[in-house]
Amino acid sequence: MAERSVDVLVIGAGQAGLAAGHHLGRVGFTPGDDFVVLDGGVGPGGAWRHRWPTLRLDRVHGFHALPGLPFPEAGPDRPAAEVVSAYFAAYERMFDLPVRRPVRVREVRDRPDGRLTVQTDQGSWATRALINATGTWTRPFWPHYPGRATFRGRQWHTADYRGPARFAGRRVVVVGGGTSAVQLLAEVSAVAAGTTWVTRRPPDFRDEEFTPERGRAAVALVDAAVRAGRPPASVVGVTGLPLTPELRERGVLDRLPVFDRITPDGVAWDDGRFVAADAILWCTGFRPALEHLAPLRLRAPGGGITMDGTRVVADERVHLIGYGPSASTIGANRAGRAAVRDIRARLAPSTATH
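A short tour of the structure in this document, coming up. Residue indices begin from 1 for each chain and proceed along its sequence in written order. Restriction of local features to residues with pLDDT of at least 70 applies here, the model being predicted, together with a cutoff of 80 or more for giving and counting side-chain atom pairs; totals for whole chains, interfaces and linings are based on all residues. With hydrogens and water set aside, each side-chain value is computed from the structure's full complement of heavy atoms.

Further remarks concern the pairing of strand 5 (residues 116-120). Extensive coverage of strand 5 is indicated by the burial of four of its five residues. Connecting the antiparallel pair strand 4 (residues 105-110) and strand 5 is a turn made up of five residues, with Gly114 showing a positive phi of about 90°. A pair of strands is treated as paired once DSSP finds two or more bridges between them. Labels follow the DSSP assignment, with helices taken as runs of H or I lasting at least four residues and strands as runs of E lasting at least two, numbered in each case from the N terminus. In this structure, strand 5 lies alongside strand 6 (residues 123-132), joined through five bridges in antiparallel fashion. The partner of Thr117 across the bridge, within strand 6, is Ala126. Counting the residues in the hairpin turn of strand 5 and strand 6 gives two residues. When a residue's accessible area, from a 1.4 Å probe over protein chains only, is under 20% of the maximum for its type it is buried; when over 50% it is exposed; and in between it is partly exposed.

Our next topic: the side chain of Asn333. When you line up the elements, Asn333 lands in helix 6 (residues 329-346). Here a polar contact means two N or O atoms within 3.5 Å. Within protein one must be a hydrogen donor candidate and the other an acceptor candidate, and residues neighboring in sequence count only if both atoms are side-chain atoms. At 2.7 Å, the side chain of Asn333 and the backbone oxygen of Ala65 are in polar contact. Throughout, a contact is declared for two residues whenever any of their heavy atoms are within 4.5 Å. Residues in contact with Asn333, not counting those within four places in the same chain, are Gln15, Ala19, His23, His64, Ala65, Leu66 and Pro67.

The three strands lie next to each other as 13-14-15, forming an open sheet whose pairing is antiparallel. Both edges of this open sheet fall to strand 13 (261-263) and strand 15 (274-276), since each of them pairs with a single strand only. Neighbouring strand axes in the sheet, compared pairwise and without regard to direction, differ in orientation by 20° on average. Two strands pair when backbone bridges link them, and strand 14 (residues 266-268) and strand 15 are joined in this way by three bridges, in the antiparallel orientation. Bridge pairing in strand 15 links Val267 to Val275. Only the stretch in contact is used when a helix axis is fitted, and all axes are lines through C-alpha atoms; the angle between N-to-C directions ranges over 0 to 180 degrees.

Before going further, it helps to examine the sheet that holds strand 9 (residues 194-199). As a general point, the strands of a sheet are linked pairwise by backbone hydrogen bonds and lie either parallel or antiparallel. Read across the open sheet, the five strands follow the order 7-16-8-9-12; overall the sheet is parallel. Every other strand in the sheet has two partners, leaving strand 7 (154-157) and strand 12 (255-257) as the edge strands with one partner each. Here the strands of the sheet are splayed against their neighbours by 25° on average, with no regard to which way each runs. With three bridges joining them, strand 9 and strand 12 adopt parallel strand pairing. Bridging from a neighbouring strand, Thr199 pairs with Pro257 of strand 12. The strands touched by helix 3 (residues 179-188) within the sheet are strand 8 (171-175), strand 9 and strand 16 (279-282), with strand 9 carrying the most contacts at an inclination of about 170°.

Okay, structure coming up:
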């Protein structure tokens with residue numbers, strides 16, 4: 001298959017990638033000729049396609065509409081995966097976004113002519129600028145604890161969660177201190193024989209309303225980390241956990257510090273405590289899906305990627321959106337616009353490569 005060429009290539013058609021595609025079209029890049037969007041999913045929706053069916057719209061943590069199309073009115077009890085995926089599909093159609101799927105990007109490499117080669121399972125592309133919007137869903141994080149391989153029960157990650165039914169009648173250990181851990185703990189505890197919640201740090205519950213000022217302060221903390229080349233914390237992770245009346249009343253929020261090891265029949269602590277378990281649910285988050293960028297050697301000594309806004313300091317051709325401070329739905333929208341503004345200043349659409 002012959003190598004194809006574009007001015008800008010976007011990897012990922014989730015919130016961040018679609019926002020970038022929208023802004024590229026608005027500033028004069030022609031869809032399909034000057035830019036394309038490659039997506040690994042079999043259909044629209046990005047990571048939202050894979051959210052658990054019991055995640056309803058009224059439980060979604062602050063979803064913001066894409067630029068140019070209001071989020072549709074929908075009943076709060078409808079599955080978020082269904083509604084958001086349909087919304088993304090409508091968005092792609094409305095703005096004629098050139099999304100090609102399913103396309104798996106294998107690696108991105110430098111070229112002698114100053115462009116980048118993007119190698120996929122369906123051929124390669126040459127591009128003058130790259131907007132990476134691959135998110136984190138495909139890289140669930142499983143921390144290592146001694147004895148994990150010896151556990152005789154079942155182990156699942158948030159990425160595998162399809163609802164509480166499989167936990168009915170089981171003794172379940174829920175690991176993690178984020179929003180997903182609290183949401184899944186609430187569901188699982190309603191059907192399980194018993195639940196034990198463990199976190200590395202005491203959970204940071206917030207009763208106060210999540211205001212724009214709190215959001216900006218959280219984003220600033222994450223932005224400072226990526227500008228210094230450190231791995232980013234999640235934006236949600238620095239805003240604290242919402243404490244709902246339902247959770248308070250259910251009495252399932254008593255937590256223990258995380259265990260020291262896993263045994264065939266449960267989890268154990270060095271102080272002699274032991275909890276028997278039939279299942280462990282790892283709500284331990286995700287890591288940025290950036291393995292395909294490894295040949296570009298973008299990482300700083302601190303382990304992260306040093307950023308200036310959305311642009312990678314080590315390679316001005318590469319922009320990361322949905323990464324660090326833009327890893328939220330409103331942040332992804334703004335990052336898409338910022339990345340396109342920067343790319344347009346460096347590349348004139350009139351100098352297209354075809």
